[in-house]
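Fold and contact review
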Amino acid sequence: MKADPAVQRRLLDLAEIDAELARVDHRRRTLPEIAEISAAEQTARAKRDAQVAVATQLGDLDREVKRQEKEIDQVRARVERDNKLLQSGTVAAKQMTDLEHEVETLHRRQGALEDDLLELMERREALEMDAQHADVELAKAEAAVADATGRRDEAFADLETQETRAAATRKTMLPQFPEPLLALYNRVRQHKGTGAAMLRSRRCGACRLELDRVVISQIKAAAADEVVTCEECGAILVRTAESGL
């Protein structure tokens, strides 16, 4: 394949644009914010689960408090009813003794229930503090996710701008190259990553390997418009004054 030496040299500009596009793509896939978001989301899920667990405990405790308060109210109502009977003077002596015993028993029961209720309220107070702490921790975790997401989106926007600019430049460059040369360049780039590179000091600019003397002699003997490639990586070797020929 033959191509004007000046056209071959312009392949280096195309290769640089393609290298920039590759760097943008790599950067987009490996942004540190991506891993940061994943870790932050995992933390947020754990904090959310903790918040739900505390809220569930609070709900269970609230139901227990209501049940306890209802039972205390029932005991108080029975005490009040018995006291009214005792004060009415309409009950027989034996019934009065039974009522007095029942009132005494109910008072003890009421005292035990109120102690239990006090313990429940203390547990609830502690759980409320846990709930507040869980809310704060979840808010922090969600803020971390939002912060990392914002930084990722800003980085994506910058990369999008770079990619758009480079792609536009590449598009304007393509008509400069004969179709066979461009096809060879694209084929090599697709398989090896770099389609063309400078031959500098007898070393391939793509794979960085130094060419042996026989290959160098063959390249030196080739016509200036002959398209030569690296035997190791297949990249088009662009010859310049720096090639050491």
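Look up: the structure comes first, before these words.
Now for a description of the structure that goes with this document. (Residues numbered from 1 in each chain as written. Predicted model: local features only at pLDDT ≥ 70, side-chain atom pairs only at ≥ 80, totals over all residues. Heavy atoms only, no water.)

1. Topic: the overall build of the protein chain
Helix and strand counts for the protein chain come out as five helices and four strands. On C-alpha atoms alone, the protein chain measures out to a radius of gyration of 42 Å, which is more than a quarter above the 18 Å that the 2.2 N^0.38 rule sets for 245 residues. Its C-alpha atoms give the protein chain principal-axis dimensions of about 135 × 35 × 25 Å. A buried classification covers 29% of the 245 residues belonging to the protein chain. Residue pairs in contact within the protein chain that sit at least 24 positions apart in sequence constitute 75% of those at least 6 positions apart. (Helix = DSSP H or I, 4+ residues; strand = E, 2+ residues; numbered from the N terminus. Rg over C-alpha atoms; globule rule 2.2 N^0.38 Å. Buried < 20%, exposed > 50% of the residue type's maximum accessible area, 1.4 Å probe, protein only. Contact = heavy atoms within 4.5 Å.)

2. Here's the deal with the pattern of salt bridges
Throughout the structure, instances matching the rule amount to 31 salt bridges. When the shortest N-O distance is used, the salt bridge between D60 and R63 registers 2.2 Å. One end of the pair is D60 and the other is R63, both in helix α2 (residues 32–88) and three residues apart, which spans about a single turn. Here D60 falls in the partly exposed class, since its relative accessible area comes to 40%. For R63, a relative accessible area of 52% translates into the label exposed. A salt bridge links R81 to E102; the nearest nitrogen and oxygen atoms lie 3.5 Å apart. Placement of R81 in helix α2 and of E102 in helix α3 (residues 93–173) is noted, with a sequence separation of 21 residues between them. Judged by its relative accessible area of 45%, R81 falls in the partly exposed class. Taken together, the salt bridges that share partners define one network made up of E33, E36, D147 and R151. (Salt bridge = Lys/Arg side-chain N within 4 Å of Asp/Glu carboxyl O.)

3. What about unusual backbone geometry?
Although it is not a glycine, R202 adopts a positive phi angle of roughly 65°. In this fold, R202 is placed in the loop between β1 (196–200) and β2 (203–204). We classify R202 as partly exposed; its relative accessible area is 35%. Of note in the backbone geometry, R208 takes a positive phi value of approximately 70° without being a glycine. Here R208 is to be found in the loop between β2 and α5 (213–221).

4. Remarks on the nonpolar core
Most often, soluble globular proteins keep nonpolar side chains buried together rather than apart. Counting 19 residues, the largest nonpolar core has L11, L14, F177, L181, Y185 and I236 as the members making the most contacts within it. The greatest single-element share of this core, amounting to six residues, is contributed by helix α1 (residues 5–29). Residue contacts for F177: discarding those within four places in its chain leaves V7, R10, L11, L14 and L182. With 14 residues, the next largest nonpolar core counts V54, L61, L113 and L117 among its residues. (Core = buried A, V, L, I, M, F, W, Y, C linked by side-chain atoms within 4.5 Å.)

5. Describing the packing of α2 against α3
Two numbers describe how α2 lies on α3: the axes approach to 6 Å, and their chain directions differ by 165°. In terms of axis orientation, α2 runs roughly antiparallel to α3. For the pair α2 and α3, the sense of crossing is left-handed. Here the contact of α2 with α3 is composed, by residue class, of 30 nonpolar, eight polar and 27 charged. (Axes fitted to C-alpha atoms, helices over the stretch in contact; angles between N-to-C directions. Parallel < 35°, antiparallel > 145°, perpendicular 65-115°, else oblique. Left-handed = near helix turned anticlockwise from the far one by under 90°. Nonpolar A, V, L, I, M, F, W, Y, C, P; charged D, E, K, R; others polar.)

6. Here we look at the side chain of R239
With respect to the helices and strands, R239 occurs in strand β4 (residues 236–239). Within the structure, R239 has its side chain in polar contact with the backbone oxygen of A223 (distance 3.0 Å). At a separation of 2.5 Å, a polar atom in the side chain of R239 contacts the main-chain carbonyl oxygen of E226. (Polar contact = N/O pair within 3.5 Å; in protein donor to acceptor, adjacent residues only side chain to side chain.)

7. What about the sheet that holds β1?
Think of a sheet as strands paired side by side through backbone hydrogen bonds, with each pair either parallel or antiparallel. Here we have four strands laid out as an open sheet, ordered β2-β1-β4-β3, and mixed in their pairing. Where the open sheet ends on each side, the last strands, each with one partner, are β2 and β3 (228–229). Sheet strands touched by α1: β1 and β4. Its angle to β4, the strand with the most contacts, is close to 120°. (Pairing = 2+ DSSP bridges.)

8. Digging into a negative patch on the surface
Taken together, the side chains of D115, D116, E119, E122 and E125 make up a negatively charged region of the molecular surface. When you line up the elements, D115 lands in helix α3. Residue classification places D115 among the exposed positions, given a relative accessible area of 52%. (Patch = residues over 30% accessible without salt bridge, like charges linked within 9 Å, V, L, I, M, F, W, Y side chains within 5 Å. Areas by Shrake-Rupley, 256 points an atom, 1.4 Å probe, with all protein chains shown as cover. Lys, Arg positive; Asp, Glu negative; His and termini not counted. Charge placed at Lys NZ, Arg CZ, Asp CG, Glu CD.)

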